[in-house]
Amino acid sequence: MKMKVMAAGTLLALLLAFGVGVSIGISERLQSTASAAQFTIPGTSITLGGSTSGAQPSDLDFSKFWEAWGLLDQNFVQTHASNTIPTYQERVYGAIAGLTDSYGDPYTVFFPPAEAKQFNEDIAGAFGGVGMELGERNGSLTVISPLKGSPAEAAGIRSGDIVVGVDGKPTEKMAVDQAVKIIRGEVGTTVTLTLRRAGEAAPLTVKVVRQTIQVPIIKSYRRSDGIFVIELYSFSQNSAELFRQALRQYFESGSTKLILDLRGNPGGYLEAAVQMASYFLPVGDVVVTEDFGGKQPNTSSRSLGYNVFANKKLSMAVLVDQGSASASEILAGALSQHGVAKLIGTRTFGKGSVQQLMDLGGGAELKITIAKWLTPDGTSISDGGLHPDIAAERTVEDFAAGKDPQKDAAVAWLITQ
């Protein structure tokens, strides 16, 4: 059984319709396990494959499952209200999906073959969608962030918006992956989203035309006051190299004050976050730790020790908001807790879990949350996100007026350094 580890990030799966709330995460270590345990469906030649640890527990009475299987098989009559009678394989997939759903984790998801194929295409790069990432917060489908320049951003969708309906279908109890599947569609077609937004008495209805989504990465510039700004939009495969180039521009500018803007950045590859942190930290400093809940030893990702600012003056502010998630939270937490930078803005999203994509055979896959991220001081990112050192809000009215009190707060702090 093959397994791909995705860190959350990601599979913030760049939903690019977006969404899996996982930002992709991040490493693609592959492992394999030995033969599968075998379960044969009575009266058929179909065999269910499972992992080597998939044998039936000794204290589990599985007879009720087979009793239900037999009763349905013998007595169900199709009506106009029902779907076509499922095949044996579809019934197996339905059982696995139900088992997966029973864990109550929005990021632990079963993908039948067609959905697994779509999921893997999604995380590969560009595709048709609206360009926003969804996550689950307090039982609601929540917009982590619209992508820069995306149809979602152009339509006025904001970080923190709660999606309560898609094309008239209520999203209550709808899994993130299921919502993503509905929001995605053919380029040029329209999806209607019903949103609940803080400060708005009534739900908002937003129509968005699906487009081919290209994930933006970075923008850098020197302000007239001498402060250098790097806006990082995602942690893609080549973002670490682009970040290195932006730091070179920073050095060449002669500035000693830096703003790293991670607002609305839903995350991406863990390795990119570690590479970026390494430009600021000595070798061996912990960037993030994977906590496996005692099921295997914790592992830490550590700075590679580029530490290019060791003998240079640097005053640094990192801008964060509720759209900063996953790898963004990993990088921000490392820079803040190692004393490199001040966090300015609002609380981050709190997407700090690790997903592993496991091949069940036949094209089906199971994405399982296997660990949570801990910042260098042991804080669980999943438990409420990161809190800024300097709190600063940016309201809907500020957006509309083109104002940025959060960046203004960063500038005000940097001027005093």
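So, how was this worked out
- Residues numbered from 1 in each chain as written.
- Predicted model: local features only at pLDDT ≥ 70, side-chain atom pairs only at ≥ 80, totals over all residues.
- Heavy atoms only, no water.
- Pairing = 2+ DSSP bridges.
- Helix = DSSP H or I, 4+ residues; strand = E, 2+ residues; numbered from the N terminus.
- Contact = heavy atoms within 4.5 Å.
- Axes fitted to C-alpha atoms, helices over the stretch in contact; angles between N-to-C directions.
- Parallel < 35°, antiparallel > 145°, perpendicular 65-115°, else oblique.
- Left-handed = near helix turned anticlockwise from the far one by under 90°.
- Nonpolar A, V, L, I, M, F, W, Y, C, P; charged D, E, K, R; others polar.
- Core = buried A, V, L, I, M, F, W, Y, C linked by side-chain atoms within 4.5 Å.
- Buried < 20%, exposed > 50% of the residue type's maximum accessible area, 1.4 Å probe, protein only.
- Expected span 1.5 Å × (residues − 1).
- Arc of directions from axis to C-beta.
- Phe/Tyr/Trp six-rings, centres within 6.5 Å; stacked < 30°, edge-to-face > 60°.
- Salt bridge = Lys/Arg side-chain N within 4 Å of Asp/Glu carboxyl O.

**Brief notes about the sheet that holds strand β20 (residues 342-345)**
Strands belonging to one sheet form pairs held by backbone hydrogen bonds; the direction of such a pair is parallel or antiparallel.
Right, on to step 1. Strand order in the open sheet formed by six strands is β14-β15-β16-β19-β20-β23, and the pairing between neighbours is mixed. Strand pairing shows two members of the sheet lacking a second neighbour, β14 (218-222) and β23 (390-391), which therefore form its edges.
Right, on to step 2. Pairing analysis gives two bridges linking β20 to β23, with the strands arranged parallel. Paired with Gly345 across the two strands is Ala391, which belongs to β23.
Right, on to step 3. On top of the sheet, helix α10 (residues 405-415) reaches β14, β15 (228-232), β16 (257-261), β19 (315-320), β20 and β23; it is set at about 165° to β19, its chief contact.

**Some words on the packing of helix α7 (residues 270-278) against helix α8 (residues 327-337)**
Right, on to step 1. Taken N-terminus to C-terminus, the directions of α7 and α8 make an angle of 20°; their axes are 9 Å apart at the nearest point. As judged from the angle between their axes, α7 and α8 are roughly parallel. Handedness of the α7/α8 crossing: right-handed. Only Ala327, Ile330 and Leu331 of α8 make contact with α7, whose side of the interface consists of Leu270, Ala273, Met276 and Ala277.
Right, on to step 2. Its residues placed into classes, the contact of α7 with α8 shows seven nonpolar, no polar and no charged.

**Some remarks on the nonpolar core**
When a protein is soluble and globular, its nonpolar side chains tend to lie buried together.
Right, on to step 1. Judged by nonpolar contacts, the single largest core of 42 residues is most densely connected at Phe235, Leu260, Phe280, Met316, Val318 and Leu335.
Right, on to step 2. Those residues within four positions of Met316 in sequence are excluded, and the remaining contacts are Leu258, Leu260, Phe280, Leu335, Val340, Ala341, Lys342, Trp413 and Leu414.
Right, on to step 3. By size, the runner-up hydrophobic cluster in this structure holds 23 residues, among which are Val143, Val163, Ala179 and Phe349.

**Considerations on the pairing of strand β17 (residues 286-291)**
Right, on to step 1. Of all six residues in β17, six are buried, a share of seventy percent or more.
Right, on to step 2. Judged from the four bridges that link them, β17 and strand β18 (residues 299-302) form a sheet pairing that is antiparallel. When the sheet's bridge partners are listed, Val288 is paired in β18 with Ser301.

**Some thoughts on helix α2 (residues 88-101)**
Right, on to step 1. In a regular helix each residue adds 1.5 Å, so 14 residues correspond to 20 Å; α2 covers 20 Å between its end C-alpha atoms and thus fits that length.
Right, on to step 2. Along α2, the positions that sit buried rather than exposed are Val92, Tyr93 and Thr100. Seen end-on, α2 carries its buried residues on one side only, within an arc spanning 95°.

**A word on the packing of aromatic side chains**
Right, on to step 1. Inspection of every chain in the model, using the stated rule, returns 15 aromatic pairs.
Right, on to step 2. Aromatic side chains Trp69 and Tyr88 sit 5.8 Å apart centroid to centroid with 15° between the ring planes, which places their arrangement in the stacked category. Highlighted residues: Trp69 in helix α1 (residues 63-75) and Tyr88 in helix α2, separated in sequence by 19 residues.
Right, on to step 3. Judged by its relative accessible area of 11%, Trp69 is buried.
Right, on to step 4. Judged by relative accessible area, Tyr88 falls into the partly exposed class, the value being 29%.
Right, on to step 5. One aromatic cluster in this structure is built from Phe228, Phe243, Tyr250, Phe251, Tyr279, Phe280, Tyr306 and Phe309.

**Let's talk about the pattern of salt bridges**
Right, on to step 1. On inspection of all chains with the given rule, the structure shows ten salt bridges.
Right, on to step 2. When the shortest N-O distance is used, the salt bridge between Glu241 and Arg244 registers 2.6 Å. Highlighted residues: Glu241 and Arg244, both in helix α6 (residues 239-253), separated by three residues, approximately one helical turn.
Right, on to step 3. Judged by relative accessible area, Glu241 falls into the partly exposed class, the value being 36%.
Right, on to step 4. Residue classification places Arg244 among the partly exposed residues on the basis of a relative accessible area of 29%.
Right, on to step 5. Members of the salt-bridge network, linked through shared partners, are Asp261, Arg263, Arg394 and Asp404.

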